[in-house]
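Coordinates in review
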Amino acid sequence: MAILTIDGNELEVADGTLILVAAQDQGISIPTFCYQERLTPLASCRMCLIEIEGQKKLQPACATPVADGMTVRTDTSLVAQTRESMLEMLLANHPLDCPICDKAGECELQDQVFAYGAGESRFRDEKRVFRTEDVLLNPVIVFNANRCIQCQRCVRICDEVVGAVALGTIEKGMDTEVTGFENSLAGCDHCGNCIEVCPVGALMSAPYRYKARPWDLTETDTVCHYCGTGCQLTVGMRDGHLARVRSKYETGVNGETLCVKGRFGFDIIDSKHRIRQPMVRRNGNLVAVSWEDAVGYLVERVRGAVEEGGARIGGLASPRLSNETLYLFQKLMRSVFRTNSIDSSSRWASSGPAAPGLYEALPAMFDGLYARRPLQDVLEADCILVVGSNVTDDNPVTDYLVRGAVRKRRNKLFIVSARPSRLDAEGAGFLRLLPGGEAGLFAALLDGLVEDAATEKSLPTACPDGDAQETDRTETAVPATPAWQEFLAGAIPALAAARTVTVLIGTDLLRAQEAAAALRWLRKLGRVLETLGKRVGVQFLFDRPNQMGAWELGGLPNMLPGWRPVDDGQSRAVFEQAWGTSLPSEPGADFGRMLAQCEAGEMEVLYVLGSDPILSYPDGALVESALSKVGLLVVQDAYLSETAGLADVVLPAANFVEEPGTFTNNEGKVQRGREIRPPAFEAMRNVEIFGSIASALGRDLGPTAAEQVFAEITRLVPSYRGLGFEAFDGAGAFTVPTENAAQDDPDDPPVPTPRESRGFALVTGDCMFHSGYLSRHSAILETLSAEPYVEMSPRDGRQLGLSEQASVIVRSRHGEARARLRFNKRFPDGVVFVPENFADLRLNRLLKQGEYPCQVEILKA
Amino acid sequence: MFDKVLLKNAEIPNAHGIGAYEAAGGYRALATVLHEYSPDELIQLVKDSNLRGRGGAGFPTGVKWGFVPKDPALEKYLCCNADESEPGTFKDRVIMEKDPHQMIEGMVIGAYAIGAQKAYIYIRGEYVLSIERTEAALKEAYRKGYLGERILGTDFNLEMFVHCGAGAYICGEETALLESVEGRRAQPKLKPPFPVVEGLYGCPTVINNVETLACLPHIVQRGAEWFRGIGPERSPGPKLYCLSGHVRKPGLYELPMGISLRELVEDHGGGPRSGGRIKAVIPGGVSAPMIPESGLDVAMDFDSLAAIDTMLGSAGVIVLDETACVVRVAKRITEFFNHESCGKCTPCREGLDWAVKILRRLEDGRGKHEDLDQLERLCGSIFGNSFCALGDGAAWALSAALKHFRDEFVRHIEDGRCPFH
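Reading the values: rules and limits
- Residues numbered from 1 in each chain as written.
- Chains lettered and ligands numbered in written order.
- Predicted model: local features only at pLDDT ≥ 70, side-chain atom pairs only at ≥ 80, totals over all residues.
- Heavy atoms only, no water.
- Helix = DSSP H or I, 4+ residues; strand = E, 2+ residues; numbered from the N terminus.
- Rg over C-alpha atoms; globule rule 2.2 N^0.38 Å.
- Buried < 20%, exposed > 50% of the residue type's maximum accessible area, 1.4 Å probe, protein only.
- Areas by Shrake-Rupley, 256 points an atom, 1.4 Å probe, with all protein chains shown as cover.
- Lys, Arg positive; Asp, Glu negative; His and termini not counted.
- Charge placed at Lys NZ, Arg CZ, Asp CG, Glu CD.
- Pairing = 2+ DSSP bridges.
- pLDDT = per-residue confidence, 0-100.
- Contact = heavy atoms within 4.5 Å.
- Expected span 1.5 Å × (residues − 1).
- Domains from an automatic or database assignment.
- Polar contact = N/O pair within 3.5 Å; in protein donor to acceptor, adjacent residues only side chain to side chain.
- Nonpolar A, V, L, I, M, F, W, Y, C, P; charged D, E, K, R; others polar.
- Phe/Tyr/Trp six-rings, centres within 6.5 Å; stacked < 30°, edge-to-face > 60°.
- Lys NZ or Arg CZ within 6 Å of the ring centre and 35° of its normal.

What about the overall build of chain B?
Summing up its helical and strand segments, chain B has 16 helices and 9 strands in all. Against the globule reference of 22 Å for 421 residues, chain B gives a C-alpha radius of gyration of 22 Å, in line with a compact fold. Principal-axis analysis of the C-alpha atoms places the extent of chain B at approximately 75 × 45 × 35 Å. Looking at chain B as a whole, 62% of its 421 residues are labelled buried. Just so you have it, chain B exposes about 15,600 Å², and 50% of that area is on carbon and sulfur atoms. Distance between charge centroids for chain B: 3 Å, based on 48 positive and 57 negative side chains.

Comments concerning the pairing of strand β12 (residues 232–238) of chain A
Side-chain positions along a regular strand alternate between the two faces of the sheet. Residues and elements named next belong to chain A. Burial of β12 is extensive: 6 of the 7 residues sit out of reach of the surface. One ladder, built from 6 bridges, connects strand β11 (residues 218–223) with β12; its direction is antiparallel. Across the sheet, V223 pairs through a bridge with Q232, a residue of β12. Pairing geometry for β12 and strand β13 (residues 241–246), over 5 bridges, is antiparallel. In the sheet register, V235 faces β13, and the bridge partner there is V245. Connecting β12 to the antiparallel partner β13 that follows it, the hairpin turn spans 2 residues, and D239 within it adopts a positive phi of roughly 55 degrees.

A short note on the confidence of the model for chain A
Taken over all residues, the pLDDT of chain A has a mean of 93, while the share at 70 or more is 95%. This stretch, residues 459–475 of chain A, has a pLDDT under 50; its non-local contacts, to residues over four places away or in other chains, come to 22 contacts.

Describing the sheet that holds strand β16 (residues 313–317) of chain A
Residue and element names in this part refer to chain A. Strand order across the open sheet formed by 7 strands is β15-β14-β27-β26-β25-β16-β17, with mixed pairing between neighbours. The open sheet has two edge strands, β15 (285–288) and β17 (342–343), and neither has a second partner. Pairing between strand β14 (residues 279–282) and strand β27 (residues 649–652): 2 bridges, direction antiparallel. Bridge pairing in β27 links V280 to V649.

Some points on helix α15 (residues 389–404) of chain B
For α15 of chain B, with 16 residues, the first-to-last C-alpha span of 22 Å sits near the 22 Å given by 1.5 Å per residue. Elements that come into contact with the buried residues of α15 of chain B comprise α12 (326–340), α13 (346–363), α14 (369–382) and α16 (406–415) of chain B.

Let's talk about the domain arrangement of chain B
Residues and elements named next belong to chain B. As assigned here, chain B comprises domain 1 (18–228), domain 2 (238–321) and domain 3 (326–415). Computed over C-alpha atoms only, the centres of domain 1 and domain 3 are separated by 35 Å. Across the boundary between the two partners, domain 1 contributes 14 residues, which contact 9 residues of domain 3. At the surface where domain 1 touches domain 3, the tally comes to 3 residue pairs in polar contact (both at pLDDT 80 or more). For the side of domain 1 that touches domain 3, the per-class residue count stands at 7 nonpolar, 3 polar and 4 charged.

Notes on unusual backbone geometry
Geometrically, the link from Y852 of chain A to P853 of chain A is a cis peptide bond, its omega value of -5 degrees lying close to zero. For P853 of chain A, the location among the structural elements is in the loop between β35 (831–833) and β36 (854–860). P192 of chain B connects to P193 of chain B through a cis peptide bond whose omega is 0 degrees. Phi is positive for D7 of chain A, which is not a glycine, with a value near 50 degrees.

Digging into the packing of aromatic side chains
Residue and element names in this part refer to chain A. What the rule picks out here adds up to 33 aromatic pairs over all chains. An angle of 35 degrees between the planes, with centres 6.3 Å apart, marks the rings of F337 and Y607 as tilted. On the criterion of sequence distance, the pair formed by F337 in the loop between α8 (323–336) and β17 and Y607 in strand β25 (residues 605–609) is long-range, its members being 270 residues apart. An aromatic cluster of three or more residues is present, and its members are Y359, F366, Y370, F540, F542, W551 and W563. Over the face of the ring belonging to Y789 we find R822, whose NZ or CZ atom lies 3.6 Å from the ring centre.

In structure tokens form, the structure reads like this:
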């Protein structure tokens, strides 16, 4: 600690604290342009120069750490005069075109001139003008070089945080200009973080251009609905329509950053593709009806299936919905429709005779091992393992945070994924591994660790992997490829040496049939690491905003809210008592098995909530056929979906800015999504729709207001106990770890044998510009990325005689799709990636449940 | 009569070849160092010699070396700053063109002192012959075993590379130089961390000027006391003075440190051009404030010049006679610094541009009296507030012109034209 005085106030702060920060904590504001908390200090704008006793020159407060006994003055006339002259110099060539500048009203230069400036300029020569027209660097970023004050925040955030290095600086002195290659940012991430950090109107949002003045906007802080990172953002509306989205300085998990989806994809709230009215199918056509008629029709058709016990009813909910909606949906299904056939994703490996139990393996992940802690904390681990995710595309802001942590702390990062990502370059090692191989990887790491610990004689006897199993372990031999060996040679010693270990699990892993085995091995690896005295934290990298909440609040066929097994009487009793009704005791079907039930003609009612399984279920042939055989297909959604086109009843729901609700992000943090405007057209809030259906069936679902539903959750779900709805303003609130009833596997889970692969292995996932099929409703994201593509290594392409941009056919045993070829020189041989974001491609017609990654051939179209 | 030290070989034909250098006793100092000195003893020798850096700042070389962390696990670098881009300066060029082995031998000695196994020579790109000769000399030195592995049969290894600059003045600033070597945009970096702790590629790095390094073989061979005996005790040694401008015999002069400026200009340089009278002298490259004729009785060393608010800098002595328009000189110098400003910090980037705009008006006779106040204000805003010494130097040089020759500026305003042109 250092004791110093700033403007006569004595304070004690940690060593290394910057004077600027220490002063701020004292309520003494020191102006700056170039300083940003998460960027390396530059000390170039010279606005923060202050006096330090004993120093001849003024010193930059943004780059000078405190020292014990230091006397700092920020309130002298010299400091004031220096600020004034820096501002006068900055304004000398600044165009002062505030009346036509988007930034006016929230411009840092304007604000600082107002606070510290002279009020008049002595500059009377001609101003430097780069160009008279602004440059559209890409469809979302407009640039006016004349206004730039060279703080280089944009360049630094693009390099240090986003990792894209798309912005740089050309020329020098007064001609210094920030730009991209060839004065374009066509190839960048389009994340707009450069716009966010720009203190002036140099880098501007093209979609927001000339739309509003900041004071015209009604701004609401809410949570992003695109992925599980759960970024905090501020939605600015003008006259009921979206004007812009921005992030706030050092607010939320994301700090000031957002990705392209979060910043520019919010225009979906004004999408034309809304479901405007309730509809029912009559004589083969969907016709608009009143809410009363729609609910009446639905109830009439459902009643019989409910009365026979609910076994012929199933429900699929989207993991994009709020905790309250998801909770109430499963409550409706279980307590009113009397079924446990509930799922909250259509994309994961389905359980079945061939692949037992992803969902059975889940509860064990959510006991103590799941790190319900800030991602920033988790990323301080000595060793970070990322498995089964292209973080850069799936969770861009998590990618930023990982990059920041690794660059700052120089901890060891290891990436295991099917396709390359930008994070590979930050790591100590990476391994290209197809989904399905993760169990083998965890087993190999565990073997290596046990061996390492055995030589060190430090493995306690309590270790679940005793010496007795030594012979078994050698059978989990890993592929003897140099890449594997090299990876393990780096990762095992790093894990062994680490005191803290973090494992981040992506969704690639959940798609493969071997997902359950992978989770079991991960759990085992985690336990062994803990036995070796390490602190272990696991988090999922969900690509949907509320997969956590969906799973934790009973969006599973085998689990009641709070990871309570449905087949456990005591668990059921908790809810039976709370809900005042008996509950079905048999575990239900996951979505794959529901479809099998549909296909067999045994599904009377399928209730699809905000999901579009026609596009997303990884077996196009089955889902199309199965859904046509359902007695009553109900679709409740805000947006028109392919599945809605087949529905018998279509219920228009509020979108995510039209209803309040909470979301549980990948960190296990509950954040509040705000109601920004009332539901559009005839849409109703999701929870209210459930309430009216229940009451039409003569049942009471209890209160449906978000606060009350959340209160019920906090009473019944241990991890959420004690959280108050109001407490979420700003930072959100963390759920707490609980011990589940889950048992460790008594035996080593089997290591799946690698599947024979011929041709190419097709993997899918989100591309950088889209999130599932929802984002196609965003006009801006569609502009940025409208075309599907097939990504592969140029070497593979050349061997097939194909050139970049060639139109190719991707053919599997089940179907084919056509798209353009894109080369990526970092791509592994034998693997192709096709994003799952393009509806017209009908990628799922190539796929079959249980056959992921899918074997395909690539042909010239 | 002072016996030349650094330039003693310069007049020998083909002195740049290793044969001539060895014949004149070259690389014997290196053998002495490698066989008889420990790195610490060598650092002590250089400290004892009071050798101060010839690049401009005059920091004691041995002290700088002493700051390098001793941890043998850390890789260390030596960089020779041969960017020599200060207008009026051409001393390092002569060493590299005429006697490059002197610099190379000095570098091997320096690298041995600090434990560097890699060394870079950063040569300004326009110095084509210097680059050629230095590269040729490196090849010779490798061939003769003065560079490479197991130098002179010892355990000491050293690789040396030439890195050519691309023409930016700022690359002479040591941290910008390192950025440039790393392939980045050349802009000065925050200090601390100082390069001796965290320099090239994040490793401890010593940056020394060509002339500084060239002194080392002589200090080793003739001793610290000999060196300290030349010129003033606190900044001793032989010194190269670059004499240019309105003087009868311009050129590079090697004389003791501390010689009087008047003696240099009038005796060695032959005084002003015929019929002229000296108006002012810039003593250390254009960033050094000019001295009016009345102040020429000053000793040319770091401390004496600092005492009269100017500096020895790179010892680029530029003589201005009566025909010189100080406004034009000040404008030209400020234009140079404005052109070379890297653009990183506000005062240097914006302030110099503003100053140039005013100076151009003044010289054209379109200036106003308040422009002079504004120039002074700008100098005050830039000096001490810019990120690196470039802005400071520019403002310092300009304010000296304003201070000593304000009447010339006023005449431009009042006459509405330049009285000299």
